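Examining the three-dimensional arrangement
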Amino acid sequence: MGCGSSKQPDHVVTSEYGSPIRGRHSPKGAPVAGTGGAAPAAKSRSVPATTTTTATASKSTTTIAKEGPPPQAVQQQQQSAPKKLLSMTAKRSSLRDDERNRAVEEVQTAMQDLRPYQMKPLTKQDKVLVMQGWNKALAFSTAFSEALLIYWRLICCPTIETSDESGGPSSESKHAKDPMSLVEKNQDPLFYCLQDRMGDAETLLMGVLDGAIRSLCPANQVVQREAYRPMQEDAIVERTKGEFSLECQSLDDHFALFARLGVKPYYWVRFVIAVHWTMSTHAPYAQEDDLENLELGAINSALGRVVALTVAIPAIQTYKGLVTLYQAPIVHKIQDIWNRFSEVGRADFGEIFYRKLLTEHPQLLDFFSKTDMDTLAIHLSMALDMVIRNVHAMGAMNTMFRSALENLAEVHRRMNVPTYSYALVGATILECFQPVFDKEEEDTKDSDDPAIASELRAALVKVYGEIMSLVYYPMLKQERMVATAREFYEHVKEVLEWSDNQLESRFSQIEEEIQATGSYIQTTEELETGARLAWRNSAKCVGRIAWNTLKIRDCRHIKDPDKMFKEVRQHLLEATAGTNIQSVMTVFKPQAATEVFGTRFWSSQFVRYAAYKNMLTGKIVGDPANLEITEYLISNNLWTPPEKISRFDVLPLVLKLPGKKKPIIHELPKDCIFEVDLEHPDRPELSALGLRWSTVPAISNFKMNLGGIVYQNMPFNGWFVSTEIVRNLMERYDVGPEIAAAIGLDTEKNAMWRQMVSCEVEHMVLHSFQKHKFTIVDPMTVGRQFCTHVQREREQFGRECPGQWSWIGGLLGPTNPTWHLELRDFLVKPQYEYASEGMLLHGIGSGENDDLVSAVSAATSDTMSMFSLNDVAPELPNVLILYGSQTGNAEAAARRLKRDLRLIKPAMMTLNDAKGLGIVEKRKFTHVIAVCSTFGDGHAPGNASEFFETELPDFSNEGKQFAVLGLGSTVYPKFCQAAEKLEKMFRSSGLESIATLAKADEAAGADGTIEDWIHLVKAIILPPNIEMLVGSSLDESNAARPVNKLHWLTGKEATNFASPAPSGGSPCILNEEILESHETRSIRKITFKGPAPYESGDHLSVKPANSDAMVRRFLQCFMVELRSTPLEESTSDKELIDHISTQPFDLQVDESGTTMPADVFFQTPTTLGYLLKHMLNLSLSSKDAIDLVELVKQLLDERMESATGLDKDTVSGSSDIQTLLGASKGILDSDSSARTQAIDDFIATYPTIVDFLETFKDCLLEPFFDDTPILSMAELLCILTRLQPRYYSISSSNKVSPDEITITVGVLRVETSKGVTIDGVCSNYLASLKEGVDGAVVAVHKSSFRLPKDPQAPIMMVGAGTGLSPMMGFLDEKALAKKNGAAGGIIHLFFGCRTIQDFIYKEKIEEYEKGGLLVLHHALSRSSGPKTYVQNKIKEMGKEAADLLLRKDTHYYVCGDARMAKECYESCIDVLRKHAVMSRVTAARHLKQMEAQGRWQTDVWGIVSDYENAKKQVMESKRKAAKLWMQHFDS
């Protein structure tokens, strides 16, 4: 059937490239062109968009009125624009006119350039020619698409030194000469347009071309043997329901996407040229008529005219229409309406929107509850303001608007906001705007320019679709990556026979890596499985029966070209295996998302023969398929052919590295080139022709995509089918005439001479290979094997085998068993894919040789030995681990990461020790990994504060990388702020991030986040394949585990040892109980002789000490070990402990026969008494529990391996051992929720290391089934963490008591959920200090908690329990000022305690109240009367509290438990809403402004008493944050 007119009716074009793409005339129900984006991931969650009708809109108006301030209230807040706004509007209008005029000029110029393509009409013959040529290109689609995109990018680069009007950066003249340099660095104009979508550009362009070309002949698109479509038409229509669709379904959708990305009309003119060039160079097996037509040039060829008419011109027209939309009066009208909203009205709009969205779509609560809802509501109004004001800038590059959209997109991706939600968000925005549009229509109906609500709505739909198609893409990209990986791992699971739990456990790690880095790292086993599956799925391969024997050589760690060439040699040696050819694949580093090519070979095979063309006669000597690369090498002086050329001169390997202008050339050593001289058993005259061929078909220009990871450099080989060599010799070498002449065939008279010659050549090939015992297979054998493979796939695995008949039955011939084998050529992933011809795409530049590595050709068999994996040392990263730690948790996490990376010996230090990062350059670190906690009101820890005050050097373009883990708690107002600041510093310095900032929330259980982050960082820095190689090179598998041991000093060493002694510190001059009833609870007022000047509101750090009783209990557990030391002199346990506590020792480690100092944080030599009392934290944290259990499990496993059968029976019967193994199984479980619960239970049972040791003393610390205890003291000391200082708010004023400093301490004693009592280390230590006798090591730390500079400013102070502490310093200072005659503002003190007996500082506060210094609002939560809390007292104050908060000079202070502070915040919101008639979001915005002005200050801490139950409450409240936010509107 012929092709009809180019004017097509409505139709659906079935695309053979991806999903069906609609023709330019979309059917009814398809989205308006321009509202689309890229298609969603195959397994994206699907939620149908709500179709909003007029009735729905009117209904929504009622809903809003019920839920909060009615739309009328918002409309009443709209104000007319002031003169300044009118002036700005006029200025913007002028700028928009300039943009529109410039766009029109660009369109006119491009259309003028395309006019020659329209001079000659398209004929039916032209259309068929293009269709047939396109089908050939689709057979090599991956190579075609890659070449097309790169060539398009190259020819769009500027060619003269000028400012790039397309929006890209100014181009230097040297770049103009070398476009490839711009493209490889992603600095070309098209990259600035597409940016993050560059990864999808190949698919998008092929989709456009496929849809356009197939629309030429719509009647011919249903293929007889593939009569069903990949996706049913009704499924497509279903997805287009509603007003919002972000998918590309029609050609117009694709064109609109490119337009909004800023692809200028000029680029589409170049696109026509790019398609023509790519078809000329990357469509193998083109017929003569194809080539003749292409040789006419782009303008005159059928293909050039088709692309110009069906792609370039429509794309340019779409661009013009989009610019017109952005400048349309209806859009300006929406902008004017929005401009009339007051600031308060916009904030209220955000509140109404989120209430409606989360009420109607509660499934979104989980995503939006991850951040503060008040902030989100304020953010929406700001985002709408930005979008509506700047919509005219759509399509422009390098603008603040584009950057803002990209930042918004990244925020949404980090929040994991699913792509399906954008339609729901759009529908909700429409519902919220509808009453405003209706009122606008009513108000302007009698004006000269009336507004039509339906038109306003349609314009807003259009604008929203355009904007959101950019914002949602990063998340869509992530969803696609996850879906692609999921599909791949389902196949891996089937092959490796994983259980469902194994798959989900592995995939959870992969999802985390993808979210953090955009990619993930596969294990060697997964790589091997994927490569084998790719061979199994290759429709063109007839030899797939051996797919599961493919050997993988994992060389992803090798980057150095010399080492890569060594691996090539090793590959050939292993593949030959003497003469028995083995299928082998060597996999090098995969292609990064930002790389254009990655590292890859330009050589199509390892062993290829050169071709030499006689310029006079045109005759070619050698393999014509390699003529271009041969001429390239010779003309650029990269290779010198032999003096006497032949038909079989082996070409050198050509390797191209990213960023290098010229390739690297390497001549293969003779000992790895295996060839066979072709002989005929019966015809010596044919043997004399000197024909030969290589024995190993090692293909080096393929690539494969395994679950989204692209391996572009993965040379592999199978073995030859004799027909392949015959075809090469007959088609490329054209040996037919000379063989016919040699055997006496008359080529003029014998029509069958070619078939006869082919038979003789096949006979030669088979005989020669078999004679030299090299593996080869004949056509009949391979045909039978393939039929067996097809049957096996069906019967054993239930798989249909894909096959491309032309490469199987068509290749092997009509007498072969495969000739009548019906096969379907369908796509199954993973797959081997064709790569583009890199050599054709690279310009050579100016001929400089600075990047050229000359041939490495001197290698011979006697100088090069067999290389194994161990001979190629992996290029190891040099890692610096930094930490900032206040309580020791961050340091423990850093130390744990150091242990996991111990094979590469990372360095570790505090952030202060590395301030300025000069050490990075000095010691050549490649990675900087930081773990930092946040202290107090967003501050850095003390051992990190100096780092934040220094400038960092510029590390740009040095390739140094970083990752940051933040530790904190969401009960604090500025969660992980120090880590956020640290990440910004690293990014600004030019360090490259390897993972998204991770935040471990202690309130929600930080252990899972920390463990996952450590696993992620280790997987990136030390992937499993490198870890295996390093471990292998160190022979770690056979080496004994490093053993830590105590080395006691004796003799002169002991005599010269100066015993460490704690500093006397600051004397304690007062230590008194201030609770009237303190039988069960205790709060003490403790005063020290002032260590340094301070200000009210500062903090005092106290270095605690473990109790003598705790130290003695610890040592008592190790009596068996202590009695075996050389220092044992005493008989009683007490005497031994007293004696040995004062003896000096070192900690040493025995590793591989070498003794060295152990890696511990404390200095040695030291004594056990000093170490246990002053240095080590004996309480167990979550990380301590994990380390302890891992250590004990490892030691138990080691002992079990060496145990006899009887001993093993003893172990299995021990209840203590079984308890330990049960705990270890739960704590080391990969399921994060189960692991968290197991850790919590463990710590509740054994809150200190002493509790643990006393419980398991019999089985761990005494000989159990061997002569020595399982756990030694040295092993335990190496994993215990540092005893950290504690921080207390100062309760005194330096102005009142300049030589004294007072703190208020609640003495902690709580019971765990398992009934075990915990005594707070520092609070009990402080309580034990004796006045006038003892002292403590204390230091003042500055705080931002300060009194107002204006002494008359009103103050609201809120504190519960010991939260009164800093307020007392403030009140003392205020009382002194009043006594000295200074006027002061009113102070409202909100204080809460349990009963009147718990009223601390009661006398002083009552004195201040009587004196008029303050107004007391006292809340009693456990009195006999009604229970009240400080938050209730704020509400009771009512209008007076609201008026105070609205004053511009009021200061608000809160100190105490973070949950109490949050409740007080809500009370302030409530009084503002009720008495200041504010919306919730407006009230929240006001309080945030107070905070920004320094008038809202907090000094809060985490949960102390009843920690476990409170922690669970916080976790639950976090999950329900958005629901709680909604409930606040019910009052």
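Parameters at a glance
Residues numbered from 1 in each chain as written. Predicted model: local features only at pLDDT ≥ 70, side-chain atom pairs only at ≥ 80, totals over all residues. Heavy atoms only, no water. Helix = DSSP H or I, 4+ residues; strand = E, 2+ residues; numbered from the N terminus. Buried < 20%, exposed > 50% of the residue type's maximum accessible area, 1.4 Å probe, protein only. Contact = heavy atoms within 4.5 Å. Areas by Shrake-Rupley, 256 points an atom, 1.4 Å probe, with all protein chains shown as cover. Phe/Tyr/Trp six-rings, centres within 6.5 Å; stacked < 30°, edge-to-face > 60°. Lys NZ or Arg CZ within 6 Å of the ring centre and 35° of its normal. Axes fitted to C-alpha atoms, helices over the stretch in contact; angles between N-to-C directions. Parallel < 35°, antiparallel > 145°, perpendicular 65-115°, else oblique. Left-handed = near helix turned anticlockwise from the far one by under 90°. Nonpolar A, V, L, I, M, F, W, Y, C, P; charged D, E, K, R; others polar. Core = buried A, V, L, I, M, F, W, Y, C linked by side-chain atoms within 4.5 Å. Arc of directions from axis to C-beta. Salt bridge = Lys/Arg side-chain N within 4 Å of Asp/Glu carboxyl O. Pairing = 2+ DSSP bridges. Patch = residues over 30% accessible without salt bridge, like charges linked within 9 Å, V, L, I, M, F, W, Y side chains within 5 Å. Lys, Arg positive; Asp, Glu negative; His and termini not counted. Charge placed at Lys NZ, Arg CZ, Asp CG, Glu CD. pLDDT = per-residue confidence, 0-100. Polar contact = N/O pair within 3.5 Å; in protein donor to acceptor, adjacent residues only side chain to side chain. Disulfide = S-S within 2.5 Å.

A count of helices and strands for the protein chain gives 59 helices and 40 strands. Here the protein chain holds 1531 residues, and the buried ones make up 54% of them. For the protein chain, the share of sequence-separated contacts (at least 6 apart) that also reach a separation of at least 24 residues comes to 78%. In the form shown here, the protein chain has an accessible surface area of approximately 65800 Å², with 51% of it arising from carbon and sulfur atoms.

On to the packing of aromatic side chains, then. The full count for this structure, using the stated rule, is 50 aromatic pairs. Relative to phenylalanine 349, the ring of phenylalanine 341 lies with its centre 6.3 Å away and its plane at 90°, an arrangement referred to as edge-to-face. Grouping residues by exposure puts phenylalanine 341 and phenylalanine 349 together as buried. Three or more aromatic residues link up through ring pairs in this structure, and these residues are Phe140, Phe702, Phe716, Tyr832 and Tyr834. Just above the ring of phenylalanine 797 sits the side chain of arginine 536; from NZ or CZ to the centre is 4.8 Å. One cation-aromatic arrangement involves lysine 540 over tryptophan 807; the distance from NZ or CZ to the ring centre is 5.8 Å.

For the pair helix α20 (residues 421-444) and helix α21 (residues 453-471), interaxial distance at closest approach is 9 Å and the crossing angle is 150°. It follows that α20 is roughly antiparallel to α21 by the angle criterion. The element α20 and its partner α21 pack so that their crossing is right-handed. Only Ala453, Leu456, Arg457, Leu460, Val461, Tyr464, Met468 and Val471 of α21 make contact with α20, whose side of the interface consists of Tyr422, Val425, Gly426, Ile429, Leu430, Phe433, Gln434, Phe437, Asp438, Glu440 and Glu441. Split by residue class, the contact of α20 with α21 holds 13 nonpolar, two polar and four charged.

Remark: helix α5 (residues 141-155) packs on helix α9 (residues 198-214), axes separated minimally by 9 Å, with the N-to-C direction vectors making an angle of 105°. By the angle between their axes, α5 is roughly perpendicular relative to α9. Listed contacts from α9 to Ser141, Thr142, Phe144, Ser145, Glu146, Leu148, Leu149, Trp152 and Arg153 of α5 are Met198, Ala201, Glu202, Leu205, Met206 and Leu209. Along the lines of polarity and charge, the residues of the contact of α5 with α9 split into nine nonpolar, three polar and three charged.

If you look at the biggest cluster of nonpolar residues, it comprises 125 residues, and the most contacted ones within it are Trp152, Trp268 and Phe271. Of all the elements, helix α14 (residues 302-326) adds the most residues to this core, at 14 residues. In this structure, phenylalanine 271 is in contact with Leu148, Trp152, Leu205, Leu209, Val307 and Val311, ignoring residues within four places of it in sequence. One finds Leu1115, Leu1122, Leu1178 and Met1273 within the second-largest nonpolar core, a separate group that totals 61 residues.

Moving on, we come to unusual backbone geometry. Cis geometry marks the peptide bond from lysine 829 to proline 830, where omega comes out at 5°. Tracing the chain through its elements places proline 830 in the loop between α32 (809-812) and β16 (832-834). In this structure, proline 1165 follows threonine 1164 across a cis peptide bond, with omega equal to 5°. With respect to the helices and strands, the residue proline 1165 is situated in the loop between β28 (1154-1157) and β29 (1166-1167). Even without being a glycine, asparagine 186 presents a positive backbone phi close to 55°. Positionally, asparagine 186 belongs in the loop between α7 (179-184) and α8 (189-194). The backbone of lysine 924 shows a phi angle near 55°, a positive value even though the residue is not glycine. Inspection of the secondary structure puts lysine 924 in the loop between α35 (918-922) and β19 (927-933).

Take helix α54 (residues 1430-1437) next. Taken as a whole, α54 has its buried residues at Val1430, Gln1431, Lys1433, Ile1434 and Met1437. On an axial view of α54, the arc spanned by its buried residues comes to 160°, and they lie on one face. Residues of α54 that are buried sit in contact with β36 (1355-1360), β37 (1387-1393), β38 (1415-1420), α55 (1439-1446), β39 (1451-1457) and α56 (1458-1475). Where α54 ends, the next residue or the one after it, glycine 1438, has phi of about 60°, a positive value.

The next subject is the pattern of salt bridges. Throughout the structure, instances matching the rule amount to 70 salt bridges. Of the charged contacts in the structure, one is a salt bridge between glutamate 574 and lysine 551, with a shortest N-O distance of 2.6 Å. Of this pair, glutamate 574 sits in helix α25 (residues 561-576) while lysine 551 sits in strand β3 (residues 551-554), and the two are 23 residues apart along the sequence. The closest approach of N and O atoms between glutamate 1373 and lysine 1295, which form a salt bridge, is 3.4 Å. Remark: lysine 1295 occurs in the loop between β30 (1286-1289) and β31 (1300-1306) and glutamate 1373 occurs in helix α52 (residues 1365-1379); sequence separation between them is 78 residues. Glutamate 1373 sits in the buried class, given a relative accessible area of 16%. A relative accessible area of 60% places lysine 1295 in the exposed class. Among the charged side chains, a salt-bridge network with shared partners connects Lys551, Arg553, Glu567 and Glu574.

A few words on the environment of alanine 688. If you trace the backbone, alanine 688 turns up in the loop between α27 (684-687) and β11 (692-694). Looking at alanine 688, the relative accessible area reads 66%, which means it is exposed. Separated by ten residues in the primary sequence, alanine 688 and leucine 678 have C-alpha atoms spaced 9.1 Å apart.

Let's shift gears to the sheet that holds strand β5 (residues 600-601). Spatial strand order, β5-β8-β9: three strands in an open sheet with antiparallel pairing. Looking at strand neighbours, the two that pair on one side only are β5 and β9 (664-666), the edges of this open sheet. When β5 meets strand β8 (residues 653-656), the two strands line up antiparallel, connected through two bridges. The residue of β8 that forms the bridge with phenylalanine 601 is leucine 655. Of the strands in this sheet, β5, β8 and β9 are in contact with α25, which crosses β8 at around 140°.

With that settled, the discussion passes to the sheet that holds strand β26 (residues 1099-1102). The strand order across the open sheet built from three strands is β30-β26-β35, with neighbouring strands paired in antiparallel fashion. Two strands bound the open sheet, and with one partner strand each, they are β30 and β35 (1338-1341). Between one strand axis and the next, the sheet turns by 30° as a mean value, whatever way the strands run. For β26 and β30, the ladder comprises four bridges, and the chain directions are antiparallel. In the sheet register, serine 1101 faces β30, and the bridge partner there is tyrosine 1287.

Turning to the pairing of β3, a few remarks are in order. Pairing geometry for β3 and strand β4 (residues 584-587), over four bridges, is parallel. Across the sheet, the residue bridging to lysine 551 is valine 584, located in β4.

This next bit is on a negative patch on the surface. Taken together, the side chains of Glu288, Asp289, Glu292 and Glu295 make up a negatively charged region of the molecular surface. Structurally, aspartate 289 is set in helix α13 (residues 288-294). Aspartate 289 gets classed as partly exposed once you look at its relative accessible area, which sits at 42%.

Confidence in the prediction of the protein chain, expressed as mean pLDDT, is 81, and 81% of residues score 70 or more. Every residue in residues 226-242 scores below 50 in pLDDT, and together they form 26 contacts with partners more than four places removed in sequence or on other chains.

Tracing the backbone shows aspartate 1241 in helix α47 (residues 1232-1245). Separated by 71 residues in the primary sequence, aspartate 1241 and threonine 1312 place their C-alpha atoms 9.4 Å from one another.

The two faces of the sheet receive side chains in turn, since in a regular strand these alternate between them. The buried fraction of strand β13 (residues 702-706) amounts to four of the five residues, a majority that puts the element mostly inside the structure. Here three bridges tie β13 to β16, and the two strands are oriented antiparallel to one another. Looking at β16, one finds that methionine 704 is bridged to tyrosine 832. The sheet contact formed by β13 and strand β14 (residues 709-711) spans three bridges and is antiparallel. Across the sheet, methionine 704 pairs through a bridge with tyrosine 711, a residue of β14. Counted between consecutive antiparallel strands, the loop separating β13 from β14 contains two residues, among which glycine 707 sits at a positive phi close to 60°.

Further remarks concern the side chain of glutamine 478. Tracing the backbone shows glutamine 478 in helix α22 (residues 473-496). A polar atom in the side chain of glutamine 478 sits 3.1 Å from the side chain of asparagine 416. Beyond its immediate chain neighbours, meaning those up to four positions away, glutamine 478 contacts Arg413, Asn416, Ile514 and Gln515.

Here the structure, examined in full by the defined rule, presents zero disulfides. There is no disulfide at cysteine 932, and the cysteine sulfur nearest it, in cysteine 976, is 8.9 Å away. Judged by its relative accessible area of 0%, cysteine 932 is buried.

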